[in-house]
Amino acid sequence: MTNLTLVEQARQSLAAAVTRSTEANHESDPDGRAASEHLFAAESKLRKGGREDLGHRLGAVVDDADVTTSEARTEMREVMSKIDAELSPKVAATTAFRAAGDGGGRE
């Protein structure tokens, strides 16, 4: 699995986290717990995918706030926007962003 694939999966987990966070009444209801799980998965995938900086931002959301707050959703959306920009072929072709391999020589 390439690092790019991990980043793409993190983006999907973040989208699910935002959706579940929006549907939650509070952090301890089923949607709130699901949002936390998706957010944790996104953070983990970003760190494994070589984007420790974005993973750190998501970790701060988990540490500092209830994931069902508008502030938490705003931060999640900002991270998703950064991922979207990096995954865009136009941006990837013109910036320093490089998709790294998984270390196994496969792409």
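Scroll up to find the structure.
Below: a short report on this structure. (Residues numbered from 1 in each chain as written. Predicted model: local features only at pLDDT ≥ 70, side-chain atom pairs only at ≥ 80, totals over all residues. Heavy atoms only, no water.)

**Quick notes on the pattern of salt bridges**
- Considering all chains together, one arrives at 7 salt bridges under this definition.
- The partner of D53 in a salt bridge is R51, and the shortest N-O contact between them spans 2.4 Å.
- Residue D53 is classed as partly exposed on the basis of its relative accessible area of 42%.
- R51 gets classed as buried once you look at its relative accessible area, which sits at 14%.
- With a shortest N-O distance of 2.2 Å, E86 and R51 are connected by a salt bridge. With E86 in helix α4 (residues 70–87) and R51 in the loop between α2 (30–48) and α3 (52–64), this residue pair connects regions lying 35 residues apart in the sequence. Neither E86 nor R51 differs from the other in exposure class; each is buried.
- In this structure, a network of salt bridges that share partners links the residues R51, D53 and E86. (Salt bridge = Lys/Arg side-chain N within 4 Å of Asp/Glu carboxyl O. Buried < 20%, exposed > 50% of the residue type's maximum accessible area, 1.4 Å probe, protein only. Helix = DSSP H or I, 4+ residues; strand = E, 2+ residues; numbered from the N terminus.)

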